[in-house]
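# Working through the structure, step by step
Single-letter residue listing:
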Amino acid sequence: MGSWAAATWRLGGCSGRVGLRVAPRRRGSSRPGDGDRAAILSDLLQSSVEAEEPGAAAAARRARPSPQEGTVLLFPGQGSQFVGMGRGLLGYPGVRDMYRLAEKVLGYDLLSLCLEGPREELDRTQHCQPAVFVASLAAVEKLNHQQPKVVESCVAAAGYSVGEFAALVFAGALGFAEALYAVKVRAEAMQKASEAAPSGMLSVIGRREANYKFACLEARKHCESLGIENPVCEISNYLFPDSRVIAGHIQALEFLQENARKYYFTRAKLLPVSGAFHTRLMEPAVEPLAEALKSIEIQKPLLCVYSNVDGKKYMHSKHIQKLLVKQVVSPVMWEQTMHSVYERKQGTEFPYTYEVGPGKQLGAILKKCNLKAWKQYNHVDALEDEEAAET
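The structure contained in this document is the topic of the report that follows.

### Description of the overall build of the protein chain
Check the secondary structure of the protein chain and you find 18 helices and 10 strands. The buried share of the protein chain, taken over its 391 residues, is 56%. Across the protein chain, contacts joining residues at least 24 apart in sequence account for 77% of those joining residues at least 6 apart.

In structure tokens form, the structure reads like this:
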């Protein structure tokens, strides 16, 4: 096919100087049901893998530009989805093939769901995570078509929550089909966990004197007074200075809303999500994702990819496997990640940054975290006229 998509989501890497590699093979396993799963993924991968010139990965590493010359790609997470996303990407080479392969992995027509809805179905955790994952990598295809040098010179990537899986596919650590399978398992398990107890997430902006952890402690005590055992209320996302997402039992979040002034919160808004993601209420999702990742071959990324768990670079395959699981029950350290990505000596120019996928949320957060870096920010839209994409 000759496109980024044919050579990347099929081969599990990213284009040009970073990351062409053969899609991962599944390791053998004796766990119940793995035989059928292995056969399905093996068939999918076998039909999509193309040969690679020997030594290309080593050459890719040698040819990478220095950080100040390179670009940064940011991959959005759950909550950025909208009905119609992907329509502006279908004219680019390989994108329809990505959605066809996604339908085989997922067992339903993801493209139709993205284009036509209904919104309440697209917004369900089990659907929106795969939807954002595929749309983001399809947006990279658009970027590569319009500005191939941007993709070729990428030196760093980061993804917000489920966006980390797309970043790792782009960086050559995971193959497209197997990463999507892991996302499917993750999304379904998180959906199930969120239905086990009334819970949610609260977006909070606080004044400088706000003490988020103390507020969470008092909210948990309030829940205990209501008879809730082992209540959960904790910071689940560090977004930018003075902005946090607090997640946990819904009674705790309602308590914080009612007492916002006491805790110096200038805004406390419930998010339209079904559960307390990135807290210990997601523990039931840990084991299914861990099992899925054990069955997938993971390689060291061919460019810097930063983890949500600690804001640091992934170092090797075991590191990736461990932290992707830990991420489900750990707060997203996005503010810290942005500091790591854009840390540089004074006077050094900031790289061009591209948010690839639906929405501009990561750009808005970057503006709050680092105004100078944001001035080099661009967004690759997932919604535009199809005819424009084909010209």
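### Section: the pairing of strand 4 (residues 233-240)
In terms of burial, strand 4 is largely enclosed, as seven of its eight residues are buried. Where strand 4 meets strand 5 (residues 243-249), six bridges bridge the pair, whose relative direction is antiparallel. Bridging from a neighbouring strand, Ile235 pairs with Ile246 of strand 5. Judged from the two bridges that link them, strand 4 and strand 8 (residues 332-333) form a sheet pairing that is parallel. Each residue of the ladder has a partner; that of Asn237, found in strand 8, is Val332.

### Some words on the sheet that holds strand 2 (residues 154-159)
Strand order in this open sheet of five strands is 7-2-1-9-10, and the pairing throughout is parallel. Each having just a single partner strand, strand 7 (304-306) and strand 10 (377-380) make up the two edges of the open sheet. Put simply, the sheet's adjacent strands are angled 20° from each other on average, direction ignored. Sheet analysis places strand 2 next to strand 7, joined by three bridges and oriented parallel. Across the sheet, the residue bridging to Ala156 is Cys304, located in strand 7. Running over the sheet, helix 9 (residues 163-170) touches strand 1 (71-75), strand 2 and strand 7 and is turned about 155° from strand 2.

### Re the pattern of salt bridges
This structure, assessed with the given rule, holds nine salt bridges. Among the salt bridges present, the one from Arg100 reaches Asp97, with a minimum N-O distance of 2.6 Å. Note that Arg100 and Asp97 are positioned in helix 4 (residues 95-106) at a spacing of three residues, about one turn of the helix. Note that Arg208 and Asp242 form a salt bridge whose closest N and O atoms lie 3.9 Å from each other. Here Arg208 is found in the loop between strand 3 (199-206) and helix 11 (212-225), whereas its partner Asp242 is found in the loop between strand 4 and strand 5, with 34 residues between them in sequence.

### Topic: the nonpolar core
Phe75, Phe133 and Phe165 are the most contacted members of the largest nonpolar core, which has 103 residues in total. Considering every element that reaches this core, the biggest residue donor is helix 10 (residues 176-194), with 11 residues. With near-sequence residues (within four places) excluded, Phe133 lies in contact with Phe165, Ala166, Val169, Phe176, Ala179, Leu180 and Val183. The next biggest cluster of nonpolar side chains, apart from the first, holds 22 residues, and it includes Cys216, Ala219, Cys223 and Met333.

### Quick word on the packing of helix 10 against helix 13 (residues 286-294)
Where helix 10 contacts helix 13, the two axes come as close as 9 Å, and the packing angle between them is 170°. Taken together, the axes of helix 10 and helix 13 lie roughly antiparallel to each other. Facing helix 10, whose interface residues are Tyr181, Ala182, Val185, Arg186 and Ala189, helix 13 presents Pro288, Leu289, Ala292 and Leu293. Residues belonging to the contact of helix 10 with helix 13 are distributed by class as follows: eight nonpolar, no polar and one charged.

### Digging into the environment of Leu281
Within the secondary structure, Leu281 is located in the loop between strand 6 (265-270) and helix 13. We classify Leu281 as buried; its relative accessible area is 19%. Separated by 49 residues in sequence, Leu281 and Val232 have C-alpha atoms that sit 7.3 Å apart. Once residues lying within four places of it in the same chain are set aside, the contact partners of Leu281 are Ala193, Ser199, Val232, Gly248, His249 and Ala276.

### A few points about the packing of helix 13 against helix 14 (residues 317-327)
Orientation of helix 13 relative to helix 14, taken along the N-to-C sense of each, is 160°, at an axis distance of 9 Å. Looking at the two axes, helix 13 sits roughly antiparallel to helix 14. Crossing hand, helix 13 versus helix 14: right-handed. Packed against helix 13, whose contacting residues are Val286, Leu289, Ala290, Leu293 and Lys294, the element helix 14 presents Gln321, Leu324 and Val325 at the interface. Partitioning the contact of helix 13 with helix 14 into residue classes produces six nonpolar, one polar and one charged.

### Focus: the packing of aromatic side chains
Enumeration over the complete set of coordinates arrives at eight aromatic pairs. With centroids separated by 6.5 Å and ring planes inclined at 55°, the aromatic side chains of Tyr342 and Phe350 adopt a geometry described as tilted. Taken together, Tyr212, Phe214, Phe255, Tyr263 and Phe265 form an aromatic cluster joined through their ring pairs. A cation over a ring is seen here: Lys367 above Trp374, with NZ or CZ 4.4 Å from the ring centre.

Definitions and cut-offs
Residues numbered from 1 in each chain as written. Predicted model: local features only at pLDDT ≥ 70, side-chain atom pairs only at ≥ 80, totals over all residues. Heavy atoms only, no water. Helix = DSSP H or I, 4+ residues; strand = E, 2+ residues; numbered from the N terminus. Buried < 20%, exposed > 50% of the residue type's maximum accessible area, 1.4 Å probe, protein only. Contact = heavy atoms within 4.5 Å. Pairing = 2+ DSSP bridges. Axes fitted to C-alpha atoms, helices over the stretch in contact; angles between N-to-C directions. Salt bridge = Lys/Arg side-chain N within 4 Å of Asp/Glu carboxyl O. Core = buried A, V, L, I, M, F, W, Y, C linked by side-chain atoms within 4.5 Å. Parallel < 35°, antiparallel > 145°, perpendicular 65-115°, else oblique. Nonpolar A, V, L, I, M, F, W, Y, C, P; charged D, E, K, R; others polar. Left-handed = near helix turned anticlockwise from the far one by under 90°. Phe/Tyr/Trp six-rings, centres within 6.5 Å; stacked < 30°, edge-to-face > 60°. Lys NZ or Arg CZ within 6 Å of the ring centre and 35° of its normal.

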